[in-house]
Amino acid sequence: FIEMENKMIMHDKQQKDLATAKNSLEEYIYDMREKVYGTLEQFITESDRESFSAALTKMEDWLYDEGENVSKSVYQAKLTDLKKVGDRVEFRYKEAQVRPALLDDCGRLFVRIRKVVDSFSSGEETYNHLEKGDIEKLVNALTEKEKWLNDNMIAQQRLKCTDDPAVLTGDIQSQIQALHQLSNPIITKPKPKVEPPKPEKDAKADAATNSKEENKAKEEPVVDKPDDMDLD
């Protein structure tokens, strides 16, 4: 009985996995057919859109004919074939959505560092406790990252939306993190603590107390201790 029950459980799982694989392929066909004429339209060339749409239609026809009863691996392989085209289009779209916010983050970090450098150079009190070597590190890092970003953005601007990006948003994020990790400990370095001078009254009182103690010590007679007596 237990063996039969296990077989039934295994059979049910296989049927569910099969249905999931088939539904995933079906959903992808419907989803991408709509997107290539909607949100993804500007990220796929017209010729690629036409050929991809034709491939989606052909796959749909197969799904309701020969593909009605096939194995899970067949459905998965068919989905993988379609995604070879679709994933590249979705990738370009996602990169384009994320890139502007990262460029804003870059710009704010650049401005923050530049203000610190300028404040130090003009002798402002806020950052006059920083070392010259630290400021040189900021300048060198800022110059390097600005050039890297400018070069890549010039290359990106030359491309069309249907081209793969010249620089990945993940790379931009890595550059931001590296610059932040270098600059933040320098920018947030606290000023050294300086003990405030004592108020004038307290200073005079201390001096008077010290003077009295010295005079008292002078006035007290010195008592000689008797020598130890020898005992016979």
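Criteria and cut-off values
Residues numbered from 1 in each chain as written. Predicted model: local features only at pLDDT ≥ 70, side-chain atom pairs only at ≥ 80, totals over all residues. Heavy atoms only, no water. Phe/Tyr/Trp six-rings, centres within 6.5 Å; stacked < 30°, edge-to-face > 60°. Helix = DSSP H or I, 4+ residues; strand = E, 2+ residues; numbered from the N terminus. Buried < 20%, exposed > 50% of the residue type's maximum accessible area, 1.4 Å probe, protein only. Expected span 1.5 Å × (residues − 1). Polar contact = N/O pair within 3.5 Å; in protein donor to acceptor, adjacent residues only side chain to side chain. Contact = heavy atoms within 4.5 Å. Axes fitted to C-alpha atoms, helices over the stretch in contact; angles between N-to-C directions. Parallel < 35°, antiparallel > 145°, perpendicular 65-115°, else oblique. Nonpolar A, V, L, I, M, F, W, Y, C, P; charged D, E, K, R; others polar. Salt bridge = Lys/Arg side-chain N within 4 Å of Asp/Glu carboxyl O.

Considerations on the packing of aromatic side chains
Applying the stated criterion to the full structure yields 2 aromatic pairs. Aromatic pair F43 and Y93: ring centres 5.7 Å apart, planes at 80 degrees, arrangement edge-to-face. Of this pair, F43 sits in the loop between α1 (2–35) and α2 (46–63) while Y93 sits in helix α3 (residues 72–121); the two residues are 50 residues apart in sequence, bridging distant segments of the chain. Looking at F43, the relative accessible area reads 4%, which means it is buried. On the basis of relative accessibility, which here comes to 26%, the residue Y93 falls in the partly exposed class. Note on W62 and Y75: the rings are 6.2 Å apart at their centroids and 75 degrees apart in plane angle, and the pair reads as edge-to-face. In this pair, W62 sits in helix α2 while Y75 sits in helix α3, placing the two residues 13 residues apart along the sequence.

Quick notes on α2
In this model α2 runs 25 Å from its N-terminal to its C-terminal C-alpha over 18 residues, within 8% of the 26 Å that 1.5 Å per residue would give. Considered for burial, the residues of α2 that qualify are R49, F52, S53, L56, M59, E60, W62 and L63.

Structural notes on the side chain of R92
Tracing the backbone through its elements, the reader meets R92 in helix α3. Separated by 2.9 Å, the side chains of R92 and D164 make a polar contact. Filtering out sequence-adjacent residues up to four positions away, R92 remains in contact with F43, I44, C161, T162, D163, D164 and P165.

Side note on helix α4 (residues 132–157)
Between its first and last C-alpha atoms α4 spans 37 Å; for 26 residues at 1.5 Å apiece the expected length is 38 Å, and the two agree. Residues of α4 that are buried include every one of D134, I135, L138, A141, L142, K145, L149, N152, M153 and Q156, and no others. Its buried side turned inward, α4 meets α3 and α5 (169–187).

Quick word on the packing of α2 against α3
Helices that pack against each other are described as a pair by the angle of their axes relative to one another and the distance between those axes. Direction vectors running N to C along α2 and α3 enclose 170 degrees, while the axes themselves pass 10 Å from each other. On the basis of the axis angle, α2 is roughly antiparallel to α3. Judged by residue contacts, F52, A55, L56, M59, W62 and L63 of α2 engage V74, Y75, K78, L82, V85 and G86 from α3. Split by residue class, the contact of α2 with α3 holds 10 nonpolar, 1 polar and 1 charged.

A look at the pattern of salt bridges
Counted by the stated rule, this structure contains 13 salt bridges. A salt bridge links E60 to R33; its shortest N-O distance comes to 2.6 Å. Of the two residues, E60 is situated in helix α2 and R33 in helix α1; the sequence distance between them amounts to 27 residues. The exposure class assigned to R33 is partly exposed, which follows from its relative accessible area of 26%. The salt bridge partner of D134 is K189, with a shortest N-O separation of 3.8 Å. Of this pair, D134 sits in helix α4 while K189 sits in the loop between α5 and α6 (200–219), and the two are 55 residues apart along the sequence. Taking the relative accessible area as the measure of exposure, K189 reaches 34% and is therefore partly exposed. Residues joined in a network through salt bridges with shared partners are D31, K35 and E90.

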